[in-house]
Protein chains: 2
Amino acid sequence: MPVERPRRRIPEATVARLPVYLRILIEQANEEVESISSDGLAELAGVNAAKVRKDLSYLGSYGTRGVGYEVAFLVYQIRRELGLTHDWPVVIVGAGNLGQALAGYGGFGQRGFPVAGVVDIDPSKVGSVIAGVRVRHIDDLDQIVQTRHVNIGVVATPPSAAQDAADRLTRAGVTSILNFAPVVLAVPNGINVRKVDLAVELQILSYYEQRRMGVGLQAIGSSDSGRGASA
Amino acid sequence: MPVERPRRRIPEATVARLPVYLRILIEQANEEVESISSDGLAELAGVNAAKVRKDLSYLGSYGTRGVGYEVAFLVYQIRRELGLTHDWPVVIVGAGNLGQALAGYGGFGQRGFPVAGVVDIDPSKVGSVIAGVRVRHIDDLDQIVQTRHVNIGVVATPPSAAQDAADRLTRAGVTSILNFAPVVLAVPNGINVRKVDLAVELQILSYYEQRRMGVGLQAIGSSDSGRGASA
DNA sequence: AGGCATTCGTGCACGCGTTCACAAAGTCCG
DNA sequence: CGGACTTTGTGAACGCGTGCACGAATGCCT
Ligand SMILES: NC(=O)c1ccc[n+]([C@@H]2O[C@H](COP(=O)([O-])OP(=O)(O)OC[C@H]3O[C@@H](n4cnc5c(N)ncnc54)[C@H](O)[C@@H]3O)[C@@H](O)[C@H]2O)c1
Ligand SMILES: NC(=O)c1ccc[n+]([C@@H]2O[C@H](COP(=O)([O-])OP(=O)(O)OC[C@H]3O[C@@H](n4cnc5c(N)ncnc54)[C@H](O)[C@@H]3O)[C@@H](O)[C@H]2O)c1
């Protein structure tokens, strides 16, 4: 907390890569690696070294020329820039197939996103316990969001109910939504939505598969998994 | 009308949007809508109308000026361009929490991606049945891939086993991989990998949440809200 | 201390994707 | 049948992200 925050805008593409760097750096730290070069990090992240340097330069000039970056310090800086210095409790709407898998997945809590609650509209689901979290009725959403200071909501309802879920979330005060339903959500200005649509991912793969066959066995673009363009 | 395929390269950003258009158009067709304008489609997809027109123009000139696009015909064309005229069986590696949710999810089969098999390395998982699919041992992977002509593999193993899973998939002949493990996979040239990393998505949301607070309540998200402020 | 090897930070050019703007092409209606 | 209106298709400008190339800074070795 001593240093002034740079506060400049970071390109979205960079923001999307910082979590990847962070994960790798934490792994390296666990393996007692103290320092890493942009080349080394680039290799592990599967990106260009210049890109790594440019990305990290948005955080400030935290590298040492001729040496590289101090892993522990970089972890701290990225954490800070991403707002991971404290936990972000999330609430999951929809305790079905997927909602249960998410709630039962320990990886979120570990990474600073504890499940503050799981809600469902189906009375037969309410009351059951998933991984230590009791499923509550969706009418309790406001209370959960307010008492637990939840900013992030996860939509795991059927497509037909996704807009309703999003409406309830924003009305309760949630300002970021991660949407798993294959639906384009309409939300008020200022609300940040990211979607995870597995069918879309598969269809993108299908496009390149089909193209591979039609055009006749030629290498596809780099084995890069571009993403972003969330809108 | 020559049915000859244009075969020009479609920008990746467009390829990523075509599935969204497709889903919306299918919905519209189900509601007996016969024709749609770029404006209408743009609204439903949450994008710019010019973008819709440019995206669709990569398929060919299939619109009618003054009217719009014929929904059914557009559905057919997008399906064709994405390679969705036939099914793409997928094999899931890892029958844990997530793998089971995926296998049990009917949405994939509906959209042309039937689950050709689920494999796991844990003998206690092998033999159990998920949504009508019996979990088989990972040693059967080659056989499944070959007999069912699988091109797409899904990695749903723990992070530590993800690279091994990817190696086995590529060795078996799979050329596209959808990876759920928070790991950067190394694959041979020509293999297409897409990743779905929920922790990354949450951390991206965290960044904007934190920024929202630090800078003091101003709109973020789709609109620019330019905050120059460098140095 | 000086020279050498290494690696960062970044200016710059390039390419891709987005958006605007408008002519072309078609419909609709009186 | 002609003119007004609608909507497509696309050229062009713009902005952003990527990757190269290189100066600057630092450590290490002799
Ligand atoms: N399961 C998967 O692997 C998978 C994969 C890709 C996408 N998805 C998508 O994720 C979403 C959830 O999938 P699922 O398999 O868990 O479905 P599901 O039907 O198993 O679960 C949906 C849950 O949402 C609840 N619900 C319905 N309306 C609600 C409302 N208005 N408010 C709160 N809760 C409500 C239902 O009671 C149910 O418990 C779907 O949109 C699906 O398309 C799932
Ligand atoms: N569950 C979720 O909601 C969720 C969310 C985000 C990310 N993930 C990621 O998805 C992956 C799977 O998560 P999960 O919760 O299903 O884990 P899990 O531990 O429940 O299941 C993993 C399965 O993979 C099997 N496995 C292990 N090594 C294998 C190998 N070499 N070959 C084949 N199978 C092997 C295990 O036997 C187990 O059945 C993890 O990487 C996790 O980080 C899961």
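Basis of the calculations
Residues numbered from 1 in each chain as written. Chains lettered and ligands numbered in written order. Predicted model: local features only at pLDDT ≥ 70, side-chain atom pairs only at ≥ 80, totals over all residues. Heavy atoms only, no water. Contact = heavy atoms within 4.5 Å. Buried area = accessible area lost by both parts, 1.4 Å probe. Salt bridge = Lys/Arg side-chain N within 4 Å of Asp/Glu carboxyl O. Polar contact = N/O pair within 3.5 Å; in protein donor to acceptor, adjacent residues only side chain to side chain. Helix = DSSP H or I, 4+ residues; strand = E, 2+ residues; numbered from the N terminus. Nonpolar A, V, L, I, M, F, W, Y, C, P; charged D, E, K, R; others polar. Near = heavy atom within 4 Å. Areas by Shrake-Rupley, 256 points an atom, 1.4 Å probe, with all protein chains shown as cover. Pairing = 2+ DSSP bridges. Axes fitted to C-alpha atoms, helices over the stretch in contact; angles between N-to-C directions. Expected span 1.5 Å × (residues − 1). Buried < 20%, exposed > 50% of the residue type's maximum accessible area, 1.4 Å probe, protein only. Domains from an automatic or database assignment. Core = buried A, V, L, I, M, F, W, Y, C linked by side-chain atoms within 4.5 Å.

Describing the interface of chain B and chain A
By a frequent convention, interface size equals the accessible area lost on bringing the separate parts together. With 74 residues of chain B at the interface, the matching set in chain A holds 71 residues. Of the roughly 6900 Å² buried between chain B and chain A on both sides combined, carbon and sulfur atoms contribute 60%. Counting every contact that joins chain B to chain A gives 4 salt bridges. Between Arg23 of chain B and Asp197 of chain A there is a salt bridge, and its shortest N-O distance comes to 3.6 Å. Summed over the shared surface of chain B and chain A, the result is 22 residue pairs in polar contact (both at pLDDT 80 or more). Elements with a contribution of two residues or more to the side of chain B that touches chain A: α1 (12-30), α2 (38-45), α4 (71-82), α5 (97-104), β9 (176-179), β10 (192-195) and α9 (198-215) of chain B. Top element by residues in the side of chain B that touches chain A is α9 of chain B. It accounts for 18 residues. Of the residues belonging to the side of chain B that touches chain A, the class tally is 41 nonpolar, 16 polar and 17 charged.

A few points about the protein's contact with DNA strand D
As a structural note, the neighbourhood of DNA strand D is formed by 27 residues, with Lys51 and Lys54 of chain A together with Ser38, Gly63 and Tyr69 of chain B the closest of them. The sugar-phosphate share of atoms of DNA strand D within 4 Å of the protein amounts to 67%. A distance of 2.6 Å separates a phosphate oxygen of DNA strand D from a polar atom in the side chain of Tyr69 of chain B. Of all the elements in the fold, those that place two or more residues in the surface near DNA strand D are α1 (12-30) and α3 (49-57) of chain A together with α3 (49-57), β2 (63-64) and β3 (68-70) of chain B. No other element matches α3 of chain A, which puts 4 residues into the surface near DNA strand D. Of the residues in the surface near DNA strand D, the class split is 7 nonpolar, 11 polar and 9 charged.

Some remarks on the site of ligand 1
The full set close to ligand 1 counts 24 residues, and Leu98, Asp120, Lys125 and Thr157 of chain A together with Tyr105 of chain B are the nearest of them. Around ligand 1 the close residues trace back to chains A and B. In this structure, Lys125 of chain A approaches ligand 1 through a side-chain N or O atom, which is 2.7 Å from an oxygen atom. Interatomic distance of 3.1 Å between a backbone N/O atom of Ala101 of chain B and an oxygen atom of ligand 1. In the complex, 86% of the free accessible area of ligand 1, which totals 820 Å², lies under the protein chains. Mapped by element, the contributors of at least two residues to the shell around ligand 1 are α5 (97-103) and α8 (159-172) of chain A together with α5 of chain B.

A look at the sheet that holds β9 of chain B
Residue and element names in this part refer to chain B. Here we have 7 strands laid out as an open sheet, ordered β6-β7-β5-β4-β8-β9-β10, and mixed in their pairing. The strands lining the two open edges of the sheet, one partner per strand, are β6 (129-130) and β10. As paired elements, β9 and β10 share 4 bridges and run parallel to each other. Within β10, the position partnered with Ser176 by the bridge is Asn192. Sitting on the sheet, helix α8 (residues 159-172) is in contact with β4 (90-93), β8 (152-155) and β9, with an inclination near 165° to β8.

Describing α4 of chain B
Residues and elements named next belong to chain B. In a regular helix each residue adds 1.5 Å, so 12 residues correspond to 16 Å; α4 covers 16 Å between its end C-alpha atoms and thus fits that length. Within the span of α4, buried status applies to Val71, Leu74, Val75, Gln77, Ile78, Arg80, Glu81 and Leu82. Backbone geometry just downstream of α4 places Gly83 in the positive-phi region, at approximately 80°.

As for the pattern of salt bridges
All names here are of chain A. Using the criterion set out here, one finds 16 salt bridges over all chains in the structure. In this structure, Arg194 engages Glu12 in a salt bridge whose closest nitrogen and oxygen atoms are separated by 3.8 Å. Here Arg194, found in strand β10 (residues 192-195), pairs with Glu12, found in helix α1; they are 182 residues apart in sequence, far enough to count as distant.

Looking at the domain arrangement of chain A
According to the domain assignment, chain A consists of domain 1 (12-82) and domain 2 (90-199). Spacing between the C-alpha centres of domain 1 of chain A and domain 2 of chain A amounts to 31 Å.

Observations concerning the nonpolar core
Ranked by size, the top nonpolar core spans 98 residues in total, and within it Ile78 of chain A together with Ile78 of chain B carry the most contacts. Ignoring sequence-local partners within four residues, the contact set of Ile78 of chain A consists of Leu18, Tyr21, Leu22, Leu25, Leu56 and Leu59 of chain A. Residues Leu141, Ala162, Ile177 and Val187 of chain B belong to the second largest nonpolar core, which totals 23 residues.

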